[in-house]
Amino acid sequence: MKYIHMLVLVCFVQALVFGQQQPVEGFLSGKSAVLISCSPAAQPSLTWEELAEKVHSPLVDAGGDPVGYFELEEVALSEETLQIYANAFQKRLINNIIVVTRTSNGNFHLHIFPFSKNENIISPGEHISVSATSLDQFFEDVKSIGVNKPSENFLVIEIPEFPQVEEGQGRTSGASNFLRRKPLNLDVFKIGVLLSGASGDSGYLLTFRHDLFGKSEAQRLAEQREEREGLESVFEEVYPYQVEFINTARSNQELIRDRVQFMLMRIEGREGDIMENMGLNVPPEVDPNRIVVKYYVKFLVRNELYIGEKWDASPSWKEALSSFLRQISEN
């Protein structure tokens, strides 16, 4: 009996080790897309492109095949951009997603995930992680990922590439769905408000953005509670129609069945990127690099996106939400 227990234990350990190595094997036998988020506050200063130039050789030395570098903030800007990049990655037969984050304290973090092959890009689960406080140590740790393991990646490009991902008009291809007016029939059907963490794996990629990286589960739960309380107070103050807060993932069909035909959507990022994504020209008085929140309404039946007649993005989500709800509920 003792030997049976020992055999079971050995098999369990071998299975665990194999499970941990699966992402490594994928990294060594397929194409990778690299998403980079680089804090502008970190010193010495590095743009995401400069970091891509530096990390490419260590990734190749580790046995990887990084075929394209992209800024994480642009990829994860909205549901529409995530879908565009997911489609492009599938066409390029991407196997792995490498996420590189440089936080404001100057630390470097790298994670390698299997490509989810859907608009989530990555999903929580097994992955490879590397962290370092200096660039030199970071490179050494990255190189060690594939140590003593044969790579099946051949004819790897020697310099990083920054491909333009386009579908229609590229990043702004979803602009035709954005309408500069308010939706009709808000007084007849409910508007759904999706709370953070209620959409399954959606939004997981955004947790690797430099200003969000490293938050604990407790912090995220506390922020969700605070978010709901804040949302409820704003809706009670300025929105006269029915609203339904959603804290679990539900399909569009389920929502429509429950008379939720509209969803409140939130986008956060650089103001210039958001305006371009919505098909708008960026006025000269707007700081395109200002981080703002913009709300809009998604009409589930026809996938129309209503942004309102007035531009109301703001660094304060409460101010942005109040302004948006007022203008879409005005008679």
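Just so you know, the residues in each chain are numbered from 1, in the order the chain's sequence is written. Reporting of local features is limited, given that this is a predicted model, to residues whose pLDDT is at least 70; pairs of side-chain atoms are given and counted only at 80 or more, and all residues count toward the totals for whole chains, interfaces and linings. Values shown for side chains rest on all heavy atoms present in the structure; no hydrogens or waters enter the calculation.

(A) Geometry of the overall build of the chain. For the purposes of this entry, the term helix denotes a DSSP run of H or I that reaches at least four residues, the term strand denotes a run of E that reaches at least two, and both are numbered from the N terminus. Summing up its helical and strand segments, the chain has nine helices and 11 strands in all. Burial classes follow relative accessibility: with a 1.4 Å probe on protein chains only, a residue under 20% of its type's maximum area counts as buried, one over 50% as exposed, and anything between as partly exposed. In the chain, which comprises 331 residues, the share counted as buried stands at 46%. Note on contacts: a residue pair is in contact if any heavy atoms of the two residues lie within 4.5 Å. Long-range pairs, those at least 24 residues apart, make up 72% of the contacts in the chain between residues at least 6 apart in sequence. Looking at the chain as shown, the accessible area adds up to about 17100 Å², and 51% of this sits on carbon and sulfur atoms. Reported accessibility uses the Shrake-Rupley method at a 1.4 Å probe radius. Residues are deemed covered only where the shown protein chains occlude them.

(B) How the structure looks around the packing of aromatic side chains. Any two rings among Phe, Tyr and Trp, with Trp reduced to its six-membered ring, count as a pair given centres within 6.5 Å; such a pair is stacked if its planes are under 30 degrees apart, edge-to-face if over 60, and tilted if neither. A complete count under the given rule lists 17 aromatic pairs for this structure. Between phenylalanine 89 and phenylalanine 115, the ring centres sit 5.9 Å apart and the planes meet at 80°, which makes this aromatic pair edge-to-face. Separated by 26 residues along the polypeptide, phenylalanine 89 in helix H4 (residues 79-91) and phenylalanine 115 in the loop between strand E4 (108-114) and strand E5 (128-132) bring together distant segments of the chain. The residues phenylalanine 89 and phenylalanine 115 share a single accessibility class, namely buried.

(C) Focus on the side chain of glutamate 271. With respect to the helices and strands, the residue glutamate 271 is situated in helix H8 (residues 271-277). Judged by relative accessible area, which is 3%, glutamate 271 ranks as buried. Ignoring any residue separated from it by four or fewer positions in sequence, one finds glutamate 271 in contact with Val286, Asp287, Pro288, Arg290, Val292, Trp311 and Ala313.

(D) Structural view of the pattern of salt bridges. Here a salt bridge means any side-chain nitrogen of Lys or Arg lying within 4 Å of a carboxyl oxygen belonging to Asp or Glu. According to the stated counting rule, one finds 12 salt bridges in the structure shown. We note a salt bridge from arginine 270 to glutamate 71, for which the minimum N-O separation is 2.8 Å. With arginine 270 in strand E9 (residues 260-270) and glutamate 71 in strand E2 (residues 65-71), this pair connects stretches of sequence that are 199 residues apart. Its relative accessible area of 13% is what places glutamate 71 among the buried residues. Arginine 209 serves as the salt-bridge partner of glutamate 268, at 3.6 Å between the closest nitrogen and oxygen. Placement of glutamate 268 in strand E9 and of arginine 209 in the loop between strand E7 (190-194) and helix H6 (217-238) is noted, with a sequence separation of 59 residues between them. Assessed through its relative accessible area of 5%, arginine 209 is described here as buried. Among the charged side chains, a network of salt bridges with common partners joins Arg209, Asp211, Arg266 and Glu268.

(E) Structural context of the sheet that holds strand E3 (residues 94-102). Spatially, E2-E1-E3-E4-E5 is the arrangement adopted by the five strands of the open sheet, whose pairing is mixed. What marks the edges here is a single partner per strand, and that holds for E2 and E5. On average, adjacent strands in this sheet sit at an angle of 20° to one another, irrespective of strand direction. A pair of strands is considered paired only if DSSP assigns at least 2 bridges between the two. Bridge count for strand E1 (residues 31-38) against E2 is six bridges, and the pairing is parallel. Bridge pairing in E2 places isoleucine 36 opposite glutamate 71. An axis is simply a line fitted to the C-alpha atoms; with a helix, the fit covers only the stretch in contact. Between two such axes, the angle follows the N-to-C directions and lies from 0 to 180 degrees. In this fold helix H2 (residues 48-61) packs onto E1, E2, E3 and E4, with an angle of close to 165° to the strand it touches most, E2. Sheet contacts for helix H5 (residues 135-143): E3, E4 and E5; angle to E5, the most-contacted strand, approximately 155°.

(F) View of helix H9 (residues 317-329). For H9, spanning 13 residues, the distance from its first C-alpha to its last is 18 Å, which sits close to the expected 18 Å at 1.5 Å a residue. By the burial criterion, the buried members of H9 are Ala320, Leu321, Ser322, Phe324, Leu325, Gln327, Ile328 and Ser329. Helices are assigned an expected span. That span is 1.5 Å times one less than the residue count.

(G) Region of the structure containing the packing of H2 against H5. Contact geometry of H2 with H5 gives a least axis separation of 7 Å together with a crossing angle of 35°. Both H2 and H5 take part in a crossing whose hand is right-handed. Of the residues in H5, those touching H2 at Leu51, Lys54, Val55, Pro58, Leu59 and Asp61 are Leu135, Phe138, Phe139, Val142 and Lys143. Of the residues assigned to the contact of H2 with H5, the class counts are eight nonpolar, no polar and three charged. For any helix crossing, the convention is left-handed if the near helix is rotated counterclockwise from the far helix by under a right angle, and right-handed if that rotation is clockwise. Asp, Glu, Lys and Arg are counted as charged, while Ala, Val, Leu, Ile, Met, Phe, Trp, Tyr, Cys and Pro are counted as nonpolar; the rest, among them Gly, fall into the polar class.

(H) Molecular detail of the sheet that holds strand E11 (residues 304-306). On the basis of which strands lie adjacent, the open sheet formed by six strands has the order E6-E11-E10-E9-E7-E8 and mixed pairing. The sheet terminates laterally at strand E6 (178-179) and strand E8 (243-246), the two strands that pair on one side only. Sheet topology places E9 next to strand E10 (residues 291-299); nine bridges connect them, and they run antiparallel. Looking at E10, one finds that arginine 266 is bridged to tyrosine 295. Taken strand by strand, H9 contacts E9, E10 and E11, and its axis lies near 35° from that of E10.

(I) Highlighting the environment of glutamate 53. As for its position among the elements, glutamate 53 is in helix H2. A relative accessible area of 46% means that glutamate 53 is categorised as partly exposed. Filtering out sequence-adjacent residues up to four positions away, glutamate 53 remains in contact with Pro160 and Phe162.

(J) Representation of H5 within the structure. Residues Phe138, Phe139 and Val142 constitute the buried set of H5. Buried residues of H5, viewed axially, fall in a sector of 95°; they line one side. In this fold, the buried residues of H5 make contact with H2, E3, E4 and E5. Arc definition: it is the arc formed by the directions from the helix axis to the C-beta atoms.

These figures capture arrangement, not role.
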